[in-house]
Amino acid sequence: MSTAAETKLLSFTEARQTVEQYASTLCATQPEMLPLLEALGLVLAENLRADRDFPPFPRSTRDGYAVRATDVAAVPASLRCVGEIKAGATTERSDIGIAAGETVEIMTGAPVPAAADAVVMVEYSERNGAVVTVHRSVRAGENIVPAGSEARQDSTMVSRGTRVNHAIVAIAAAVGRAEIAAYRRPRVAVLATGDELVDINLPPGPNEIRNSNSYSLAAQVYAAGGDPLILPVAPDRADELALLLRKGFQSDLLLISGGVSMGKYDLVEQVLASFDARFLFTGVRIQPGKPVVFGEVALYGRTIPFFGLPGNPVSTMVTFQLFARPLLDGLAGSKPQPLPFAQASLTTEFTTKTGLTRFLPAKLGGTHERPEVELVRWQGSGDLMAVSRANCYIVVPPDRERFAAGEAVTVLRF
Ligand code: AMP
Ligand code: MG
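Keep in mind that what you see is a predicted model, and the values were worked out from it rather than measured.

**A closer look at the pairing of strand β27 (residues 371-375)**
In terms of strand pairing, strand β24 (residues 341-346) meets β27 through two bridges, oriented parallel. Note on β27: the bridge partner recorded for S345 is E372. Relative to β27, strand β26 (residues 357-366) runs antiparallel, the two being bridged by five bridges. From the neighbouring strand, G365 faces β27, where its bridge partner is E372. The loop that links β26 with its antiparallel partner β27 comprises four residues.

Put into structure tokens, the structure is as follows:
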């Protein structure tokens with residue numbers, strides 16, 4: 001039996017690799033057919049195929065004049081305009097003849113007539129009645145997207161396992177799919193622990209605090225494509241905690257908040273050990289969130305992964321994003337998404353302590369030419385207000401102590 005007594009303290013990189021590797025071994029939930037927009041944020045359970053060539057005809061990418069490139073090899077060139085084609089035109093492409101020295105006016109998105117091989121942008125032309133003067137030559141094929149060049153009929157446009165975002169929704173719509181197959185949202189039980197907690201619909205006593213972690217976790221789970229189930233708050237008593245853990249293990253994943261630090265009433269690891277839990281790590285050298293625990297139990301004929309997330313609200317949020325999020329990908333049939341790191345220049349200097357990888361609430365802004373990031377003042381890992389003003393964390397490597405204004409730093413967006 002593996003017990004909580006065996007401490008497995010990993011670096012941030014080791015812990016992240018552990019969860020990514022674990023996530024990639026998980027089996028996906030059942031697929032279901034859903035109306036297109038209900039699949040937003042879920043993972044595709046089928047390949048989306050092209051029902052015809054994309055584009056279905058050679059498409060003009062510009063407003064201008066469809067020409068034979070040879071007719072405008074020498075400029076200025078005068079052509080006679082013999083017609084007009086707008087997007088959605090019903091005429092067959094082959095019906096519009098363009099003889100030598102002729103052109104037709106064409107709009108963006110319209111089918112280029114078979115007799116033309118290029119489109120001159122309207123900006124490089126001049127119109128006088130039926131006479132069009134072209135001031136710039138075009139190569140054959142210029143400003144035309146050939147039929148089937150984006151996708152051939154029956155080819156896969158989006159693969160199973162892709163998370164559905166607005167671009168995937170657009171492709172599904174473009175191939176005429178009002179319903180698509182997506183993996184069911186993994187069920188994620190959320191269990192807050194702590195004698196000091198009261199639920200949000202009850203008045204807290206003078207020394208009590210409201211349970212906010214169950215709600216922030218539920219929000220993160222839902223945004224990550226999961227189906228959160230909030231369990232009643234567990235008191236710091238082993239027997240009652242065990243009953244609620246057993247309930248939580250009926251889900252695909254169990255997230256526990258609080259009770260994983262070194263305090264006398266931090267019972268979570270000990271009670272998990274009584275389920276013969278296998279612990280993959282029992283701490284990570286990060287701040288906030290160092291006591292985070294990850295493991296699995298075998299119960300009800302299945303193996304159920306769990307996280308014990310430290311109870312301080314910011315620690316709970318950070319450790320969910322860093323470590324629990326990849327499991328939602330795995331359970332939904334997708335590869336773990338990489339963490340959204342970016343670089344930005346620091347607006348003001350700061351110092352910190354070495355030894356841990358730190359995630360400091362910060363605000364990313366600036367311009368596209370110079371993204372900037374500013375630390376948000378905070379009182380430590382219980383400070384909800386600080387995260388509410390932030391949109392990222394500055395990631396401080398364990399060996400760094402001092403940062404100068406203007407220095408490029410890594411940020412993790414959320
Ligand atoms: P713990 O990890 O159990 O030692 O909790 C650390 C601190 O986080 C507690 O003293 C509480 O102030 C806070 N905390 C724990 N659980 C929650 C919760 N569910 N909602 C809000 N704050 C919490
Ligand atoms: Mg506690």
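**Comments concerning the sheet that holds strand β19 (residues 278-281)**
The strand order across the open sheet formed by six strands is β17-β14-β18-β23-β22-β19, and the pairing between neighbours is mixed. A strand with exactly one partner marks an edge of an open sheet, and here the two such strands are β17 (227-230) and β19. Looking at each pair of strands side by side, their axes are set apart by 25° on average, direction ignored. One ladder, built from three bridges, connects β19 with strand β22 (residues 293-299); its direction is antiparallel. Bridged to F279 within β22 is G295.

**Notes on unusual backbone geometry**
Residue P55 is reached from F54 by a cis peptide bond, and omega for that bond is -10°. Take P55: it is sitting in the loop between β3 (48-49) and β4 (59-60). A cis amide bond, omega 0°, links Q287 with the succeeding residue P288. Assignment of secondary structure puts P288 in the loop between β21 (286-287) and β22. Unlike most non-glycine residues, D154 shows phi in positive territory, near 75°. Along the chain, D154 turns up in the loop between β11 (144-145) and β12 (156-158). Under the relative-accessibility criterion, D154 is labelled exposed at 51%.

**Comments concerning the site of ligand 1**
In the vicinity of ligand 1, 17 residues are found, and the nearest of them are N211, S212, N213, G259 and G311. Between a nitrogen atom of ligand 1 and a main-chain N or O atom of S212, the distance comes to 3.0 Å. Note that a nitrogen atom of ligand 1 is positioned 3.2 Å from one of the backbone N or O atoms of N213. Across the complex, the protein chains shield 77% of the 480 Å² of accessible surface that ligand 1 would expose by itself. Class assignment of the residues belonging to the shell around ligand 1 gives a composition of five nonpolar, nine polar and three charged.

**Some thoughts on the packing of helix α1 (residues 12-23) against helix α6 (residues 313-331)**
Between α1 and α6, the shortest axis-to-axis distance is 8 Å and the interhelical angle comes to 15°. Relative to α6, α1 is oriented roughly parallel. Crossing hand, α1 versus α6: right-handed. Residues F12, A15, R16, V19, Y22 and A23 of α1 pack against Q321, L322, F323, P326, L327 and G330 of α6.

**A few points about the side chain of S214**
Here S214 is to be found in helix α3 (residues 213-223). Judged by its relative accessible area of 1%, S214 falls in the buried class. Engagement of the side chain of S214 in a polar contact is seen with the side chain of N211, the distance being 2.9 Å. Apart from residues lying up to four places away in sequence, S214 is in contact with V190, A192 and I230.

Reading the values: rules and limits
- Residues numbered from 1 in each chain as written.
- Chains lettered and ligands numbered in written order.
- Predicted model: local features only at pLDDT ≥ 70, side-chain atom pairs only at ≥ 80, totals over all residues.
- Heavy atoms only, no water.
- Pairing = 2+ DSSP bridges.
- Helix = DSSP H or I, 4+ residues; strand = E, 2+ residues; numbered from the N terminus.
- Axes fitted to C-alpha atoms, helices over the stretch in contact; angles between N-to-C directions.
- Buried < 20%, exposed > 50% of the residue type's maximum accessible area, 1.4 Å probe, protein only.
- Near = heavy atom within 4 Å.
- Polar contact = N/O pair within 3.5 Å; in protein donor to acceptor, adjacent residues only side chain to side chain.
- Areas by Shrake-Rupley, 256 points an atom, 1.4 Å probe, with all protein chains shown as cover.
- Nonpolar A, V, L, I, M, F, W, Y, C, P; charged D, E, K, R; others polar.
- Parallel < 35°, antiparallel > 145°, perpendicular 65-115°, else oblique.
- Left-handed = near helix turned anticlockwise from the far one by under 90°.
- Contact = heavy atoms within 4.5 Å.

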